[in-house]
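Chain by chain, the residues run as shown.
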Protein chains: 2
Amino acid sequence: MTQALSPLPEPLFATVALIGVGLIGSSIAHACARTGAAGRVVIHDRDAAALARAEALGLGQAYAGSVAEAVREADLVILCAPVGANAEITQAMAPALKAGAIVSDVGSVKTAVVAEVGPRLPQGVHFVPAHPVAGTENSGPDAGFATLFRNRWCILTPPPGGEPQAVEKVRAFWAAFGANVEIMTPEHHDLVLAITSHVPHLVAYNLVGTAADLEDSLRSEVIKFSAGGFRDSTRLAASDPTMWRDVFLNNREAVMEMLGRFTEELTALQRMIRRGDGEGLFDLFTRTRAIRRAIVEQGQETAAPDFGRRAQEDAV
Amino acid sequence: MTQALSPLPEPLFATVALIGVGLIGSSIAHACARTGAAGRVVIHDRDAAALARAEALGLGQAYAGSVAEAVREADLVILCAPVGANAEITQAMAPALKAGAIVSDVGSVKTAVVAEVGPRLPQGVHFVPAHPVAGTENSGPDAGFATLFRNRWCILTPPPGGEPQAVEKVRAFWAAFGANVEIMTPEHHDLVLAITSHVPHLVAYNLVGTAADLEDSLRSEVIKFSAGGFRDSTRLAASDPTMWRDVFLNNREAVMEMLGRFTEELTALQRMIRRGDGEGLFDLFTRTRAIRRAIVEQGQETAAPDFGRRAQEDAV
């Protein structure tokens, strides 16, 4: 089902600048090296330690101390910092961008990114927002690996009236990493991701937070006996705090909408338990099984207990 | 860390009867065959198809058409049916039990089991309730494997004043399967499991149920883009509906208590998002990370993306 990433005959972009070198930024750097999608990769991170670590790992060809320096020669700039930093980064890079450069990002929310970044870009620069739907619970320059995006979705939300060729080039870039590229509006993206990603993370954070607030003696037992289901939640709840704070602050409306539906259903479920409505519980638990089956059947998923994650990482 | 299951020098029980041959029952049968912990295994299931399948798979040495027939010669009887069936099963087997036989179970709730089963057992029979904290999202006689219990906890909740030797024999039985055996009261068990297992499952069922109720067009996209976090929940929400209905009906009080804490926290979290309280969100998301770290450090867990599940199944 999966296949190795193959080198391209020639680079898609002469120079790619990565602003931020966490899990996603470092994975893009690895994927560029593996495929040759970029002639050279220039890396900037406002965290000097992360930048030094990226250099020690040899993730790029150049390491820039400022955003402006990083983007000066770039044909493609990818914002890989937490979403909340985008406005400031865009402000800093706008005067330094080449005419005809493409600016993209990897943010998990898109409406807010479009609103923050788009109006701050100079004319003659193409904006193609992107969201690779891939990740692990690890973060930082050491967390990346070349195959993170393979067989994962990458959603583009280009503004109407944008340059089709710029969209095409960004699509080809992600396709080179093995991603399946989809195009949708930022609003639709944010609604779909609210239920597939943001609310599941919120619920996991909340479950683990509830355990963290237990009496000491009970909490240590929760850790001890976590294999019964709790442990699965802790993986999501170990994700990068800054990134997720920014996701919730920047996709507030869609998250609130989906969280509202979630709590409505939870109240109904709670009522079924209180009233001892076994039939209602059985019905719900049967319906949810069908969704799982549909996900496994859709091919990019697997029934294997690690969802194919092990295979990905083995391939690094 | 894990090690192969080794054959015992001699059986711990001459005859073991398994009442119910789902994931846990069939895994016990495999583990008995692998370790020789039982001289012979007699299997009954009220579902004739499951019983026939167990026979086709060669899971036991005898297959009984009734509970009474199954337990007649048993030195150890293990109730492996959904918890809600225990009262009826106990009623049916009580007159047929050998004097000195040990009755145990594998139920995920213990207070209710103790109340349902204990008083229905004849004098001279020893009751040692057990809960192996292990499972997968699969069910039925085909789902079992010998190493399911290896490096997992098995919690015993023996009634006060019971026969210490009976407890010791049940402990040795589970230890032979590689389980780490703990003893606690049924009440404490139910509270710990409510937060480590029952509420996480409830939340996962609810999340997937919320998605199931979405408009058709949105729902198909949720399935498509499930890799962003939702997919992890669907694994828990694919667990056996009958088993989980019975868990919630039989551990109502502890589940309600923990669910109450969960919804309180969720309301506070929702308020943080609505008010844009980035600092509060960041703090929570940092605290939850520490819990994950503690779980990984506790040794029976792993940082690997499949929580060691792959290794378990490979070993079958």
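Being a predicted model, the structure only gives us computed values, none of them experimental. (Residues numbered from 1 in each chain as written. Chains lettered and ligands numbered in written order. Predicted model: local features only at pLDDT ≥ 70, side-chain atom pairs only at ≥ 80, totals over all residues. Heavy atoms only, no water.)

## Quick look at the overall build of chain A
Put simply, the rule reads: Note on conventions: DSSP H or I runs of at least 4 residues are helices, E runs of at least 2 residues are strands, and numbering of each starts at the N terminus. Using C-alpha atoms as the atom set, the radius of gyration is obtained and then compared with a globule rule of 2.2 Å times the number of residues to the power 0.38. We call a residue buried when its accessible area falls under 20% of the maximum for its residue type, exposed when it is over 50%, and partly exposed in between, using a 1.4 Å probe and counting protein chains only. By definition in these notes, contact holds between two residues if any of their heavy atoms fall within 4.5 Å.
Across its full length, chain A holds 13 helices and nine strands. Against the compact-globule benchmark of 20 Å for 316 residues, chain A has a radius of gyration of 21 Å, which places it among compact chains. Based on the C-alpha atoms only, the size of chain A along its principal axes is roughly 65 × 40 × 40 Å. Per-residue burial for chain A yields a buried fraction of 58% across its 316 residues. Intrachain contacts of chain A at a sequence separation of at least 6 include 76% that bridge at least 24 residues.

## Remarks on the side chain of Asn86(B)
Residues and elements named next belong to chain B. For asparagine 86, the location among the structural elements is in helix H4 (residues 86-93). A relative accessible area of 2% means that asparagine 86 is categorised as buried. Not counting residues within four places of it along the chain, the set of residues in contact with asparagine 86 comprises Leu79, Asp105, Val113 and Val117.

## Details of the packing of aromatic side chains
The condition that has to hold: Between rings of Phe, Tyr and Trp, where Trp is taken as its six-membered ring, a pair exists when centres lie within 6.5 Å; planes separated by under 30 degrees are stacked, by over 60 edge-to-face, and by other angles tilted. We count a charge as sitting over a ring when the NZ of a lysine or the CZ of an arginine lies within 6 Å of the ring centre and within 35 degrees of the ring normal.
Counted according to the given criterion, the structure contains 20 aromatic pairs over all chains. Relative to Phe177(A), the ring of Trp174(A) has its centre 5.6 Å away and its plane inclined at 80°; by these criteria the two rings are edge-to-face. For the pair Trp174(A) and Phe177(A), one class covers both residues: buried. Chaining the aromatic ring pairs together yields one cluster made of Phe13(A), Phe149(A), Phe173(A), Trp174(A) and Phe177(A). The ring of Phe13(B) carries the charged tip of Lys169(B) above its face, separated from the ring centre by 4.5 Å.

## Some remarks on the relation of the copies chain A and chain B
Heads up, the condition is: Here the copies were fitted onto each other by least squares, based on C-alpha atoms from residues at pLDDT of at least 70 in both.
Turning chain A through 180° and shifting it by 0.0 Å along the axis lays it on chain B, with an RMSD of 0.0 Å. Taken together, the rotation angle and the small translation identify this as a two-fold axis.

## Some remarks on helix H7 (residues 186-212) of chain B
Residues lying three or four places apart along an α-helix face the same way, a consequence of the helix completing one turn every 3.6 residues. Stated precisely, the cut-off is as follows: One axis is fitted to the seven residues ending at the residue and one to the seven starting there. The bend at that residue is the angle between these axes.
The largest bend in H7(B) amounts to roughly 55° and is located at Ala194(B). Of all 27 residues that make up H7(B), 24 are buried, and the element is covered over most of its length.

## Focus: the domain arrangement of chain A
Interface extent is often summarised as the accessible area lost during association of the parts. Residue and element names in this part refer to chain A. The condition that has to hold: Annotation comment: domain bounds sourced from an automatic or database domain assignment. Buried area is understood as the total, over both parts, of accessible area removed when two parts are fitted together, assessed with a 1.4 Å probe.
Here the domain parsing of chain A yields domain 1 (13-184) and domain 2 (188-314). With centres defined by C-alpha atoms, the gap from domain 1 to domain 2 works out at 29 Å. Residue-level contacts link 23 residues of domain 1 with 21 residues of domain 2. Around 1900 Å² of area is buried between domain 1 and domain 2 when both sides are counted, 52% of it from carbon and sulfur atoms.

## A look at unusual backbone geometry
Even without glycine at this site, Asn151(A) takes up a positive phi of about 60°. You can see Asn151(A) is positioned in the loop between strand E7 (130-133) and strand E8 (153-156).

## As for the sheet that holds strand E4 (residues 76-79) of chain A
Residues and elements named next belong to chain A. Selection rule: A pair of strands is considered paired only if DSSP assigns at least 2 bridges between the two.
If you walk across this open sheet you meet the six strands as E3-E2-E1-E4-E5-E6, and the pairing is parallel. Two strands in the sheet have a free side with no partner beyond their single neighbour: strand E3 (62-63) and strand E6 (126-127). Strand direction decides the pairing type here: strand E5 (residues 102-105) and E6, joined by two bridges, are parallel. Bridge pairing links valine 103 to phenylalanine 127 in E6.

## A short note on the environment of Leu59(B)
All names here are of chain B. Looking at where leucine 59 falls in the secondary structure, it is placed in the loop between helix H2 (48-57) and strand E3 (62-63). For leucine 59 and alanine 29, which are 30 residues apart along the polypeptide, the C-alpha to C-alpha distance reads 5.7 Å. Setting aside anything within four residues of it in sequence, one finds leucine 59 in contact with Val21, Ser26, Ala29, His30, Ile43, Ala54 and Pro141.

## Quick word on the nonpolar core
To keep things clear, this is the line we draw: To qualify as a nonpolar core, a set must consist of buried Ala, Val, Leu, Ile, Met, Phe, Trp, Tyr and Cys residues joined through side-chain atoms within 4.5 Å.
Judged by nonpolar contacts, the single largest core of 138 residues is most densely connected at Val77(A), Met93(A), Phe262(A), Val77(B), Met93(B), Val103(B) and Phe262(B). For Val77(B), the residues in contact, after removing those within four places along its chain, are Ala17(B), Ile19(B), Val71(B), Met93(B), Leu97(B), Ile102(B), Val103(B) and Ser104(B).

## Some thoughts on the interface of chain A and chain B
We count it as follows: Salt bridges are defined by distance alone: a side-chain nitrogen of Lys or Arg within 4 Å of a carboxyl oxygen of Asp or Glu. Asp, Glu, Lys and Arg are counted as charged, while Ala, Val, Leu, Ile, Met, Phe, Trp, Tyr, Cys and Pro are counted as nonpolar; the rest, among them Gly, fall into the polar class.
Across the boundary between the two partners, chain A contributes 97 residues, which contact 98 residues of chain B. Between chain A and chain B, a total of about 9700 Å² is buried, with carbon and sulfur atoms accounting for 68% of that surface. Summed over the shared surface of chain A and chain B, the number is ten salt bridges. With a shortest N-O distance of 3.0 Å, Lys224(B) and Glu182(A) are connected by a salt bridge. For the side of chain A that touches chain B, the secondary structure elements donating two or more residues are E8, helix H7 (186-212), helix H8 (216-224), helix H9 (230-236), helix H10 (241-250), helix H11 (252-275), helix H12 (278-297) and helix H13 (309-314) of chain A. Per element, the largest residue contribution to the side of chain A that touches chain B is 18 residues, and it comes from H7(A). Class assignment of the residues belonging to the side of chain A that touches chain B gives a composition of 48 nonpolar, 22 polar and 27 charged.

## Here we look at the pattern of salt bridges
For the structure on display, the rule yields 30 salt bridges over all chains. The partner of Arg235(A) in a salt bridge is Asp232(B), and the shortest N-O contact between them spans 3.0 Å. Of this pair, Arg235(A) sits in helix H9 while Asp232(B) sits in helix H9 (residues 230-236), each in a different chain. Under the relative-accessibility criterion, Arg235(A) is labelled buried at 7%. For Arg53(B), the salt bridge goes to Asp142(B), with nearest N and O atoms at 2.7 Å. Taken as a pair, Arg53(B) in helix H2 and Asp142(B) in the loop between strand E7 (130-133) and strand E8 (153-156) lie far apart in primary sequence, 89 residues in all.

## A look at the pairing of strand E2 (residues 38-44) of chain B
Residues and elements named next belong to chain B. Convention followed: Note on handedness: a clockwise path from strand one over the helix to strand two, with the strands aimed away from the viewer, defines a right-handed crossover.
The buried fraction of E2 is high, at five of seven residues. Here strand E1 (residues 13-19) pairs with E2 via six bridges, running parallel. Note that in E2 the partner of valine 16 across the bridge is valine 41. Each parallel crossover has a hand, and for E1 linked through helix H1 (residues 23-35) to E2 it is right-handed. Sheet analysis places E2 next to E3, joined by two bridges and oriented parallel. Bridge pairing in E3 links isoleucine 43 to tyrosine 63. This β-α-β element, E2 to H2 to E3, shows right-handed connectivity.

## A few points about the packing of H7(A) against H11(A)
All names here are of chain A. Quick note on the threshold: With axes taken as lines fitted to C-alpha atoms, and helix axes fitted only over the stretch in contact, angles between N-to-C directions fall between 0 and 180 degrees. In this scheme the crossing of two helices becomes right-handed for a clockwise turn of the near helix relative to the far one and left-handed for an anticlockwise turn of less than a right angle.
Running from N to C, H7 and H11 cross one another at 65°; their axes reach a closest spacing of 9 Å. Note on packing geometry: the crossing formed by H7 with H11 is right-handed. In this structure, H7 uses Asp190, Leu191, Ala194, Ile195, His198, Val199, Leu202 and Val203 to contact H11, whose residues at the interface are Ala254, Val255, Glu257, Met258, Leu259 and Phe262. For the contact of H7 with H11, the residue count by class is eleven nonpolar, one polar and two charged.

## Considerations on helix H11 (residues 252-275) of chain B
All names here are of chain B. Applied cut-off: Multiplying 1.5 Å by the residue count of a helix minus one yields the expected span of that helix.
Taking 1.5 Å per residue, 24 residues should reach 34 Å; H11 reaches 34 Å between its end C-alpha atoms and fits that length. Restricting attention to buried positions, one finds in H11 the residues Ala254, Val255, Met256, Met258, Leu259, Phe262, Leu266, Leu269, Gln270, Met272 and Ile273. Positioned one or two residues after H11, glycine 276 has a phi angle of 70°, which is positive.

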